[in-house]
Amino acid sequence: MSAAESWSRVMTLLRQHTPADYADLPGPATEQMLAAAEERMGISLPGDLRTWLLQNNLDLPEEDFDDDVACCGFDGFPDEGSFFLGIRAIERLYANRSTSCGFDPPDQPDNPFWRNEWIPFLSDQDGWMGKFIDVRDGRVGSWFVGGPTVTGEYESMARYFDSVAEMLTKIADGNYPVCKFSKGRLVWS
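Residues numbered from 1 in each chain as written. Predicted model: local features only at pLDDT ≥ 70, side-chain atom pairs only at ≥ 80, totals over all residues. Heavy atoms only, no water.

## What to know about the overall build of the protein
Okay, step 1: Helix and strand counts for the protein stand at 6 helices and 10 strands.
Okay, step 2: Here the protein has a C-alpha radius of gyration of 16 Å; the compact-globule value for 189 residues is 16 Å, and the two agree.
Okay, step 3: Going through the 189 residues of the protein one by one, you find that 47% of them count as buried.
Okay, step 4: Counting only contacts in the protein whose residues sit at least 6 apart along the sequence, the fraction spanning at least 24 positions is 55%.
Okay, step 5: Roughly 9,300 Å² of accessible area belongs to the protein as shown, and the carbon and sulfur atoms make up 48% of that amount.
Okay, step 6: Each charge class in the protein was averaged separately, 16 positive and 31 negative side chains, and the resulting centres sit 5 Å apart. (Helix = DSSP H or I, 4+ residues; strand = E, 2+ residues; numbered from the N terminus. Rg over C-alpha atoms; globule rule 2.2 N^0.38 Å. Buried < 20%, exposed > 50% of the residue type's maximum accessible area, 1.4 Å probe, protein only. Contact = heavy atoms within 4.5 Å. Areas by Shrake-Rupley, 256 points an atom, 1.4 Å probe, with all protein chains shown as cover. Lys, Arg positive; Asp, Glu negative; His and termini not counted. Charge placed at Lys NZ, Arg CZ, Asp CG, Glu CD.)

## Observations regarding the pairing of strand β10 (residues 185–188)
Okay, step 1: Judged by which residues are buried, β10 turns out to be one-sided: Leu-186 and Trp-188 face inward and are buried, whereas Arg-185 and Val-187, on the alternate face, are not.
Okay, step 2: As paired strands, strand β9 (residues 179–182) and β10 are joined by 4 bridges and run antiparallel to one another. When the bridges of β10 are listed, Cys-179 appears paired with Trp-188.
Okay, step 3: From the end of β9 to the start of β10, which pair antiparallel, there are 2 residues, and Lys-183 there has a positive phi angle of about 55°. (Pairing = 2+ DSSP bridges.)

## What to know about the nonpolar core
Okay, step 1: Residues Val-10, Leu-49, Trp-52, Phe-77, Phe-84, Phe-121 and Leu-168 are the most contacted members of the largest nonpolar core, which totals 48 residues.
Okay, step 2: In terms of residue count, the dominant contributor to this core is helix α6 (residues 157–172) (9 residues). (Core = buried A, V, L, I, M, F, W, Y, C linked by side-chain atoms within 4.5 Å.)

## A closer look at the side chain of Asp-162
Okay, step 1: With respect to the helices and strands, the residue Asp-162 is situated in helix α6.
Okay, step 2: Here Asp-162 falls in the buried class, since its relative accessible area comes to 12%.
Okay, step 3: At a separation of 2.8 Å, a polar atom in the side chain of Asp-162 contacts the side chain of Ser-6.
Okay, step 4: Beyond its immediate stretch of four places on either side in the chain, Asp-162 contacts Met-1, Ser-6 and Arg-9. (Polar contact = N/O pair within 3.5 Å; in protein donor to acceptor, adjacent residues only side chain to side chain.)

## Regarding unusual backbone geometry
Okay, step 1: Within the chain, Lys-183 stands out as a residue other than glycine whose phi angle is a positive 55°.
Okay, step 2: In this fold, Lys-183 is placed in the loop between β9 and β10.
Okay, step 3: Among the residues examined, Lys-183 registers a relative accessible area of 81% and is labelled exposed.

## Points about the packing of aromatic side chains
The geometry of an aromatic ring pair is captured by the separation of the ring centres together with the interplanar angle, meaning the angle of the planes.
Okay, step 1: For the coordinates displayed, the defined rule picks out 16 aromatic pairs.
Okay, step 2: Each ring, one from Trp-118 and one from Phe-132, has its centre 4.4 Å from the other, and the planes form 15°; the classification is stacked. You can see Trp-118 sitting in strand β5 (residues 118–123) and its partner Phe-132 sitting in strand β6 (residues 129–134), a full 14 residues away along the chain.
Okay, step 3: For Trp-118, a relative accessible area of 2% corresponds to the buried category.
Okay, step 4: A ring pair is formed by Tyr-160 and Phe-161, whose centres lie 5.9 Å apart and whose planes are at 55°; its orientation type is tilted. (Phe/Tyr/Trp six-rings, centres within 6.5 Å; stacked < 30°, edge-to-face > 60°.)

## So, the environment of Ala-4
Okay, step 1: Structurally, Ala-4 can be placed in helix α1 (residues 3–17).
Okay, step 2: Between the C-alpha atoms of Ala-4 and Gln-55, which are 51 residues apart in sequence, the distance is 7.7 Å.
Okay, step 3: With near-sequence residues (within four places) excluded, Ala-4 lies in contact with Thr-51 and Gln-55.

## Describing the packing of α1 against helix α4 (residues 47–55)
Okay, step 1: Packing of α1 against α4 brings their axes to within 9 Å, and their N-to-C directions diverge by 40°. Considered as vectors, α1 and α4 are oriented oblique to each other. Crossing geometry of α1 relative to α4 is assigned as right-handed. Contacts between α1 and α4 pair Ala-3, Ala-4 and Trp-7 from the former with Asp-48, Thr-51, Trp-52 and Gln-55 from the latter.
Okay, step 2: Looking at the contact of α1 with α4 residue by residue, the class counts come to 4 nonpolar, 2 polar and 1 charged. (Axes fitted to C-alpha atoms, helices over the stretch in contact; angles between N-to-C directions. Parallel < 35°, antiparallel > 145°, perpendicular 65-115°, else oblique. Left-handed = near helix turned anticlockwise from the far one by under 90°. Nonpolar A, V, L, I, M, F, W, Y, C, P; charged D, E, K, R; others polar.)

Set out below in structure tokens:
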């Protein structure tokens, strides 16, 4: 399954089970938005990330954007405490993580905490943890400040979105004890 198909599956589940949450999600990014972001970031977005952003650019509306936090997004999706990033939030977090030598810390090129080839697409509000796509091979990894960075956690964004769809299916079936659907929304306990 492609990233577009996997994300479509996630959106179908949200539309069916959480219509209020689904209605809050914004529309797609434009090619012009992505090209401008790539120019500012100095890196090309990988195909899966580009395809996903062209389906849903999950930036908050300008009036809801909070300059006092590292990242803004739709709270509570895909889980409690983290959220998918839109292009503006991706740019902001990428700029915060990027380094002049290409990796951080500079004395650990073979085991860095961060590489400039990693583009974040999911984060907590502080930017201390999240998921990224590696532009070199399209694999998805995760970082956690103070903990090890995991590369290749998922072989692609499609596989990661499949895991989100599986989680939503478990919630719908009542087999996910920390979350339920209520009044058209995801509710975490």
